[in-house]
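# What the coordinates show
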Amino acid sequence: MPAEPSKLDVLIAGAGYVGLAAAISLKQARPSLAVAVVDAAPEGVWQKDGRASAIAAAACRMLDRLGVWDRIAPQAQAITDMVITDSRTGDPVRPVFLTFDGEVAPGEPFAHMVANRDLNGALRTEAARLGIDIIEGVAVQGFDSEPSGMTVHLADGATLRARLLVAADGVKSRLRDMAGIQTVKWDYGQSGIVCTVEHERPHNGRAEEHFLPAGPFATLPLKPTREGKNRSSIVWVERTQDADRLVNGDDLLFEAELEQRFGLKLGQIAVADKPRAWPLGLTLVRAFVAPRLALAGDAAHGIHPIAGQGLNLGFKDVAALAEVVVEADRLGQDIGALDVLERYQQWRRFDTMQMGVTTDVLNRLFSNDIGPLRAVRDVGLGLVERMPRLKDFFIRQASGLGGSTPRLLRGEAI
């Protein structure tokens, strides 16, 4: 006779930041829920991620509420201010059109830069403390949705039974495709080059975003190394064919092109790790949910990095989904029922669509060298610079504190 499937309340596919944060949020609020995480990536692969992410203030509040921020904070770098320029690559001077102070409240920066390894490690430590199983190196092979639950088949032959399956398996989500959820997507013909740069002088917490004809070039401050080396993270958008040529070509050519964009305001620079490039596109799902299935993070939306909001959108998904599921469970409702999951969908769909459209428009507006359009956008940036209230509104939106904010993102318990 086949073994009885292991029974869970919630199974989460994907052990990235979104999947782990979702598991912790649910387990902390409702310890009685049986929660597990399954991930297709090999064990320990997350430790090889040398990238860093911008964590908005609202997400920092959530991580603090979940008990992981204290583990991250010593290595996190606050963004104290931000400047925006609009120029051509070869321009000798880049005039600053817009500046932002980096606080949403006294002593609270609107964002921090955090190494991906530190963020993932802190979440894993808390998940282990709560007794959440993380099954690594095993993909979900298929699932069967039934009125009473979801039967999930893993690639190693194991079978799990859950009331709710959460797909947090990335922008190329296999679970989303298995469920037949359609997407709206297109390719920008751009790739994002990511690397870490060491420089002579300190950045003083300043982030910069230069709008260049091929795409934005952002320098984001990182915490100095233990040896005292000053560092910044680079997110450099180029046309895909140029990005591939730069990343796979001669190191001296890459550094010369990087220096032309980065400048020497922080002294001599040196690339500290191997640059990598990812193709960029827009992906928006037509539905966030299906019977006993909810999408979260990049599985539900993949947007352009021009506003640095991709990961923070995922944390919003986590906070909203956890709040909906926990409240339903407290009321004795079926947490995987479609009418329960539709509350989550209604909460997140408009915000996601709005952010996707906004980043799409910004990328099309600024990633070109059309003279009249350049003049119009520079006037617009200048007008925003002269309107303190409008700047405060943009900062609040960027910090994740605008609109209908779930409790966790306000730093409150569910």
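Residues numbered from 1 in each chain as written. Predicted model: local features only at pLDDT ≥ 70, side-chain atom pairs only at ≥ 80, totals over all residues. Heavy atoms only, no water.

## What about the sheet that holds strand S4 (residues 77-78)?
Working definition: the strands of a sheet are paired by backbone hydrogen bonds and lie parallel or antiparallel to each other. Here we have three strands laid out as an open sheet, ordered S3-S9-S4, and antiparallel in their pairing. Sheet topology places strand S3 (52-56) and S4 at the edges, where each strand pairs with a single neighbour. Sheet topology note: the S3/strand S9 (residues 111-115) ladder contains five bridges and is antiparallel. Bridged to Ser-53 within S9 is Val-114. Contacts from helix H2 (residues 57-65) reach S3 and S9, with the element oriented near 90° to S3. Along the sheet face, helix H4 (residues 116-129) touches S3 and S9 and points at about 85° away from the line of S9. (Pairing = 2+ DSSP bridges. Helix = DSSP H or I, 4+ residues; strand = E, 2+ residues; numbered from the N terminus. Contact = heavy atoms within 4.5 Å. Axes fitted to C-alpha atoms, helices over the stretch in contact; angles between N-to-C directions.)

## Topic: the packing of helix H1 (residues 17-29) against helix H8 (residues 310-330)
Contact pair H1 / H8: the axes reach a minimum separation of 9 Å and the direction vectors enclose 25°. Here H1 is positioned roughly parallel relative to H8, judged by the angle of their axes. Every pair of crossing elements has a handedness; the one defined by H1 and H8 is right-handed. Residue-level contacts link Tyr-17, Val-18, Ala-21, Ala-22, Ser-25, Leu-26 and Ala-29 of H1 to Leu-311, Gly-314, Phe-315, Val-318, Ala-322, Val-325, Val-326 and Arg-330 of H8. (Parallel < 35°, antiparallel > 145°, perpendicular 65-115°, else oblique. Left-handed = near helix turned anticlockwise from the far one by under 90°.)

## Topic: the environment of Gly-411
The topology assignment puts Gly-411 in the segment after helix H11 (388-398). With 350 residues separating them along the chain, Gly-411 and Arg-61 place their C-alpha atoms 4.7 Å apart. Once you skip the residues sitting within four places of it in the chain, Gly-411 turns out to touch Arg-61 and Arg-65.

## Here we look at a nonpolar patch on the surface
Taken together, Met-353, Val-357 and Val-361 make up a surface patch of nonpolar side chains, about 240 Å² in accessible area. The residue Val-357 is located in helix H9 (residues 338-366) in this model. (Patch = residues over 30% accessible without salt bridge, like charges linked within 9 Å, V, L, I, M, F, W, Y side chains within 5 Å. Areas by Shrake-Rupley, 256 points an atom, 1.4 Å probe, with all protein chains shown as cover. Salt bridge = Lys/Arg side-chain N within 4 Å of Asp/Glu carboxyl O.)

## Thoughts on the environment of Pro-275
On the secondary structure map, Pro-275 appears in the loop between strand S18 (269-271) and strand S19 (276-285). A sequence separation of 13 residues divides Pro-275 from Phe-262, and the C-alpha atoms of the two residues are 15 Å apart.

## A short note on the pairing of strand S11 (residues 140-146)
Across six bridges, S11 lies against strand S12 (residues 149-154) in antiparallel orientation. If you follow Asp-144 over to S12, its bridge partner there is Thr-151. Connecting S11 to the next strand, S12, in antiparallel fashion are two residues.

## Some words on the packing of aromatic side chains
Counting across every chain of the model gives five aromatic pairs. Aromatic pair Phe-217 and Trp-236: ring centres 5.8 Å apart, planes at 70°, arrangement edge-to-face. Here Phe-217 is found in strand S16 (residues 215-222), whereas its partner Trp-236 is found in strand S17 (residues 230-239), with 19 residues between them in sequence. Since its relative accessible area comes to 1%, Trp-236 is described here as buried. Three or more aromatic residues link up through ring pairs in this structure, and these residues are Phe-217, Trp-236 and Phe-254. When the ring centre of Trp-278 is taken as origin, the NZ or CZ atom of Arg-51, which lies over that ring, is 4.7 Å away. The ring of Phe-262 has Lys-265 lying over it, and the distance from NZ or CZ to the ring centre is 4.6 Å. (Phe/Tyr/Trp six-rings, centres within 6.5 Å; stacked < 30°, edge-to-face > 60°. Buried < 20%, exposed > 50% of the residue type's maximum accessible area, 1.4 Å probe, protein only. Lys NZ or Arg CZ within 6 Å of the ring centre and 35° of its normal.)

## Quick look at unusual backbone geometry
Even without being a glycine, Asn-204 presents a positive backbone phi close to 55°. Take Asn-204: it is sitting in the loop between strand S14 (183-199) and strand S15 (206-212). By relative accessible area, Asn-204 is classed as exposed at 63%. Positive phi is not limited to glycine here, since Arg-292 has a value of about 65°. Mapped onto the elements of the fold, Arg-292 is located in the loop between strand S20 (289-290) and strand S21 (293-295).

## Let's talk about the nonpolar core
Core analysis: the biggest nonpolar cluster contains 101 residues, and Leu-119 and Phe-315 have the highest contact counts within it. Counting residues per element, this core draws most heavily on H8, which supplies eleven residues. Core analysis: the next-biggest nonpolar cluster, separate from the first, contains 15 residues, Ile-193, Cys-195, Phe-217 and Leu-246 among them. (Core = buried A, V, L, I, M, F, W, Y, C linked by side-chain atoms within 4.5 Å.)

## Brief notes about the pattern of salt bridges
Applying the stated rule across the entire model yields 24 salt bridges. Ionic pairing is found between Asp-242 and Arg-245, a salt bridge with its closest N-O pair at 3.7 Å. Note that Asp-242 and Arg-245 are positioned in helix H6 (residues 240-248) at a spacing of three residues, about one turn of the helix. Residue classification places Arg-245 among the partly exposed residues on the basis of a relative accessible area of 42%. In this structure, Glu-323 engages Arg-407 in a salt bridge whose closest nitrogen and oxygen atoms are separated by 3.5 Å. Placement of Glu-323 in helix H8 and of Arg-407 in the segment after H11 is noted, with a sequence separation of 84 residues between them.

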